[in-house]
Amino acid sequence: MNEFLNQDVRYLKGVGEKRALQLNKLGVFTVHDLLFLLPRRYIDYSQPYQVAFAPFDEACPVRATVLSVGNGVRVKGGRTLFKVICSDETARLELVFFNSEYTVRQLHEGTDYIFYGKIGGNMLTRQMTSPIFILADSPLTRQPVYPLTAGLSAKVISSIIKSAFEKIDYIDDFMPQEFLYQNNLPDLYTAIKNIHFPKNNKDLQNATRRLAFDELFSLQLGLYLLNGHRKKSSAKLKTVNIDDFLQSLPFTPTGAQMRAIREILIDFKGEYCANRLIQGDVGSGKTLVAVSAMYCMSKNGYQSCMMAPTEILANQHFVNISKMLSPFGVRVALLTASLKAKERREILEKLENGEIDILIGTHSVLSDKVIFKNLSLFITDEQHRFGVNQRNIASTKGENPHLIVMSATPIPRTLAMIIYAGMQISVIDEMPKGRKPVQTLLVGTDKRRRMFGFVKKHINDGYQCYIVLPAIEENEAITDLQSVSKYCDEVVKPMLPTARVGILHGKMKSSEKDSIMNNFLKGNIDILCSTTVVEVGVDVPNAVLMIIENAERYGLSALHQLRGRVGRGNVQSYCILVSDKKSPQIRERLKFMTANSSGFAVSQYDLEHRGPGDFFGRRQHGLPVMKTANLCSDLSLTQAAKDAAISILKQSPDLSKFPLIKERTKQMFDSITL
């Protein structure tokens, strides 16, 4: 059976050379790959709207009866237009299809269907263009939607998968039977078949739970193997007393900062290397905790390294840390890609000779050419911007260095203990004294002129403003996303013609982004129109306004990260959320944002109402991409997977007794050496 699963997909019935190339673009090369090409979502037909109450410009299901099926009419461009008239007791619905005679002929007058598409037209005649549909009495209320590429429809992919299942009735299952029994999960063959061809919603739910359990199980194994192998520390510290540094500060650290510092110093005194997550809200003072740890190392004659996600943030850390530690003779250096060859060479020589105590840099510090004399502490700032591969490389720098990662994405502690398996966690849940909470306001576009008057007043007073847009170019599928450049030209400049406006977006080169941010930091730009690339941490105390257009398109955790870009100084700062959406759920979510300044409260709300996708998506926290699992929509399943992983590791710490599990874990975490 394994031989068939490893067979080239081109030999499957209905594939061939051309279609195989199309499948290759989706990462499908073998029959096994095909079976694990999981639906990316499902169309839910279970709660269709009545025609009159279906929301405009939103994809949704609508139940209606077909009244008439028109003949095709040739229209401009050589296309053939078909119209189908439907209705229910509330309103009339017109369906429009182009060049789709075969599809249209499947609709029969007098029959009830559920149509799925975007509602257009007007209040008198509502319209859908090229909807998909099922019979109203169909037992299946969910339809899989696959990732597509040119030439491959969901129907074609489904047909090919069906032909594969005609050849097999079993798939080798890597999961021990005891875990399936304990958690009431189906075998792998049943789960895969039902994820593609569920007979009912219960089968689909069981299949989804099984595949989610598999991913969570492999995730926990990988994280334990990455974080849980505690190595004996090579650093022999003479002292962990840093009172002289703490007393030199022009402010008093918060209780939460002092607690985190004490926890790290206890780690340093222990036999094993520290492996600790410092988690705190934006502006809570994580950097001071990191500097305290690095000062302790330098006081004992050891080197430290701090890695930041961007050059501008690394430079900011360099300036601030140098200022704090230079009175104590601590030698701090900055290593980034923009350094000239001679400067870089000099820094690398001093680093290897032990003439540098602390190295601040971007991911360039991970280069093989960067050699430390006696590195004993590696700190990763904004940890969610780095993948597990980079974190794994960091652990190999020096001889068993202590590892500290810092994250400004607040996570409820119970979930953090699962995500950061094998790591100790310090939470900074207190803000520095004197810092004023950012006032958050929710307005509609009808208040835009008044809002820009507010912006003008602050600019005239010498302050600066961020404006964040959710897209960088026109998107036909989502018509109300505005591009940054268009917004600047058509909205900002007409209302504030004398303001100095800068543009920042993800398609810019790093050097361009850094140049714009440096100009903003220096006060040469009044208004910075940007995508969410401003989310990661440059400290601009003079920026006191954050305006977020189309705020409903962000999760609250993302909005909170953006809000954290202002309020860095002593002046009252504001975050203005702009949204015209009238949905009660959206209004409730955004109003919660205006009433809560705690990142932990915000993240808890997001977890309860949206699941973890907002801050555990593909890029967040460097975790492997999971196709099915939702890290906290079912915390009990996550905990069960963690328990199963621990059980396996107790039986075989290197997984040698479980070759199938070992292979699967290696596939998920390509950085793990087993």
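Residues numbered from 1 in each chain as written. Predicted model: local features only at pLDDT ≥ 70, side-chain atom pairs only at ≥ 80, totals over all residues. Heavy atoms only, no water.

## Points about the overall build of the protein chain
Across its full length, the protein chain carries 23 helices and 22 strands. Put simply, 72% of the contacts in the protein chain that link residues at least 6 apart link residues at least 24 apart. Taken as a whole, the protein chain presents about 31400 Å² of accessible surface, with 50% of it coming from carbon and sulfur. (Helix = DSSP H or I, 4+ residues; strand = E, 2+ residues; numbered from the N terminus. Contact = heavy atoms within 4.5 Å. Areas by Shrake-Rupley, 256 points an atom, 1.4 Å probe, with all protein chains shown as cover.)

## Some points on the sheet that holds strand β14 (residues 375–380)
One open sheet holds the 7 strands; their spatial order is β12-β13-β11-β14-β15-β10-β16, and the pairing between them is parallel. Where the open sheet ends on each side, the last strands, each with one partner, are β12 (332–335) and β16 (424–428). Within this sheet the neighbouring strands show an average axis-to-axis angle of 20°, counted without direction. Sheet topology places strand β11 (residues 303–307) next to strand β13 (residues 358–361); 4 bridges connect them, and they run parallel. Paired with Met307 across the strands is Gly361, a residue of β13. (Pairing = 2+ DSSP bridges. Axes fitted to C-alpha atoms, helices over the stretch in contact; angles between N-to-C directions.)

## Regarding the sheet that holds strand β18 (residues 464–468)
In space, the 6 strands of this open sheet follow the order β17-β22-β21-β18-β20-β19, with parallel pairing throughout. Looking at which strands have only one partner, the edges of the open sheet turn out to be β17 (439–443) and β19 (501–504). Put simply, the sheet's adjacent strands are angled 20° from each other on average, direction ignored. Helix α19 (residues 556–563) rests against β17, β18, β21 (543–548) and β22 (574–578) of the sheet, and its axis sits at about 155° to β21. Running over the sheet, helix α20 (residues 584–595) touches β17 and β22 and is turned about 155° from β17.

## Structural notes on the packing of aromatic side chains
Remark: the centre distance and the inter-plane angle together describe each pair of aromatic rings, the angle taken between the planes. This model, assessed by the stated rule, comprises 13 aromatic pairs. Seen from their ring centres, Tyr113 and Phe133 are 5.8 Å apart, and the 80° between their planes marks the pair as edge-to-face. With Tyr113 in strand β6 (residues 112–121) and Phe133 in strand β8 (residues 132–135), the pair connects residues that are 20 residues apart, well separated along the chain. Grouping residues by exposure puts Tyr113 and Phe133 together as buried. Plain terms: the ring middles of Tyr466 and Phe520 are 4.9 Å apart, the flat faces sit at 55° to each other, and that makes the pair tilted. Taken together, the positions of Tyr466 in strand β18 and Phe520 in helix α18 (residues 510–521) put the pair 54 residues apart, joining distant regions of the chain. For Phe520, a relative accessible area of 0% gives the class buried. A network of ring pairs unites the aromatic residues Tyr113, Phe115 and Phe133 as a single cluster. Directly above the ring of Phe98 sits Arg79, whose terminal nitrogen or CZ lies 4.1 Å from the centroid. (Phe/Tyr/Trp six-rings, centres within 6.5 Å; stacked < 30°, edge-to-face > 60°. Buried < 20%, exposed > 50% of the residue type's maximum accessible area, 1.4 Å probe, protein only. Lys NZ or Arg CZ within 6 Å of the ring centre and 35° of its normal.)

## Description of the layout of surface pockets
Considered as a void within the structure, the second largest pocket measures approximately 1200 Å³ in volume. The wall of the second largest pocket is formed by 38 residues, among which Gly285, Thr287, Asn320, Arg435 and Asp539 lie closest to the centre. The set of elements that each furnish at least two residues to the lining of the second largest pocket consists of α9 (243–248), α11 (286–299) and α12 (311–325). Counting residues per element, the lining of the second largest pocket draws most heavily on α12, at 6 residues. (1 Å grid on protein atoms, 1.4 Å probe; cavity = no way out; pocket = protein on both sides within 12 Å on 5 of 7 lines; lining within 4 Å. Points joined across faces, edges and corners; volume = space filled by probe spheres on them.)

## Things to note about the confidence of the model for the protein chain
Counting all residues, the mean pLDDT for the protein chain is 84, and 87% of those residues have values of 70 or more. Counted against residues more than four places away or in other chains, residues 472–481, with its pLDDT under 50, gives 20 contacts. In the model, residues 612–622 has pLDDT below 50 throughout and makes 46 contacts with residues more than four positions away in sequence or in other chains. (pLDDT = per-residue confidence, 0-100.)

## Topic: the pairing of strand β20 (residues 527–530)
Going residue by residue along β20, you find Ile527 and Cys529 tucked away on one face and Leu528 and Ser530 tucked away on the opposite face as well. As paired strands, β18 and β20 are joined by 4 bridges and run parallel to one another. Bridging from a neighbouring strand, Ile467 pairs with Cys529 of β20.

## Some points on the packing of helix α16 (residues 448–460) against helix α17 (residues 484–495)
Relative to each other, α16 and α17 sit at 65°, their axes nearing to 10 Å. Considering the relative orientation of α16 and α17, their crossing is right-handed. Residues Arg448, Arg449 and Phe452 of α16 pack against Tyr487, Val491, Val492 and Met495 of α17. Residues that form the contact of α16 with α17 fall into these classes: 5 nonpolar, no polar and 2 charged. (Left-handed = near helix turned anticlockwise from the far one by under 90°. Nonpolar A, V, L, I, M, F, W, Y, C, P; charged D, E, K, R; others polar.)

## Examining the pattern of salt bridges
Taken as a whole and assessed by the stated rule, the structure comprises 18 salt bridges. Here Arg210 and Asp173 are joined by a salt bridge, their closest N and O atoms 2.8 Å apart. Of this pair, Arg210 sits in helix α8 (residues 201–227) while Asp173 sits in the loop between α5 (154–165) and α6 (177–182); the two residues are 37 residues apart in sequence, bridging distant segments of the chain. Arg331 is the salt-bridge partner of Asp357, the closest N and O atoms lying 3.0 Å from each other. Of this pair, Asp357 sits in the loop between α13 (341–353) and β13 while Arg331 sits in the loop between α12 and β12; the two residues are 26 residues apart in sequence, bridging distant segments of the chain. Residue classification places Asp357 among the buried residues on the basis of a relative accessible area of 12%. Put simply, Asp8, Arg10 and Glu17 are held in one network by salt bridges that share partners. (Salt bridge = Lys/Arg side-chain N within 4 Å of Asp/Glu carboxyl O.)

## Things to note about the environment of Glu109
Its place among the elements puts Glu109 in the loop between α4 (101–104) and β6. C-alpha separation for the pair Glu109 and Cys86, spaced 23 residues apart in sequence, amounts to 8.8 Å. With sequence-adjacent residues up to four places away left out, Glu109 is seen in contact with Val66, Leu67, Ser68 and Val69.

## Considering the packing of α19 against α20
Between two packed helices, both the angle of their axes relative to each other and the distance between the axes serve to describe the pair. Where α19 meets α20, the axes come as close as 11 Å, and the angle between the chain directions of the two elements is 35°. In this structure, α19 meets α20 at a crossing whose hand is right-handed. Only Arg589, Leu590, Phe592 and Met593 of α20 make contact with α19, whose side of the interface consists of Leu556, Leu559, His560 and Arg563. A per-class count over the contact of α19 with α20 returns 5 nonpolar, 1 polar and 2 charged.

## Regarding the environment of Val578
Among the secondary structure elements, Val578 is positioned in strand β22. In this structure, the C-alpha to C-alpha distance between Val578 and Thr445, residues 133 residues apart in sequence, is 6.5 Å.

## Re unusual backbone geometry
Positive phi is not limited to glycine here, since Asn99 has a value of about 50°. Here Asn99 shows up in the loop between β5 (92–98) and α4. A positive phi is found at Leu655, a non-glycine position, where the angle reads about 65°. Its place among the elements puts Leu655 in the loop between α22 (635–651) and α23 (659–668). Residue Leu655 is classed as buried on the basis of its relative accessible area, which comes to 0%.

## So, a negative patch on the surface
A contiguous patch of negative charge on the surface is contributed by Glu343, Glu346, Glu349, Glu352 and Glu355. Examined against the element boundaries, Glu343 turns out to sit in helix α13. In this structure Glu343 comes out as partly exposed when scored by relative accessible area, which is 39%. (Patch = residues over 30% accessible without salt bridge, like charges linked within 9 Å, V, L, I, M, F, W, Y side chains within 5 Å. Lys, Arg positive; Asp, Glu negative; His and termini not counted. Charge placed at Lys NZ, Arg CZ, Asp CG, Glu CD.)

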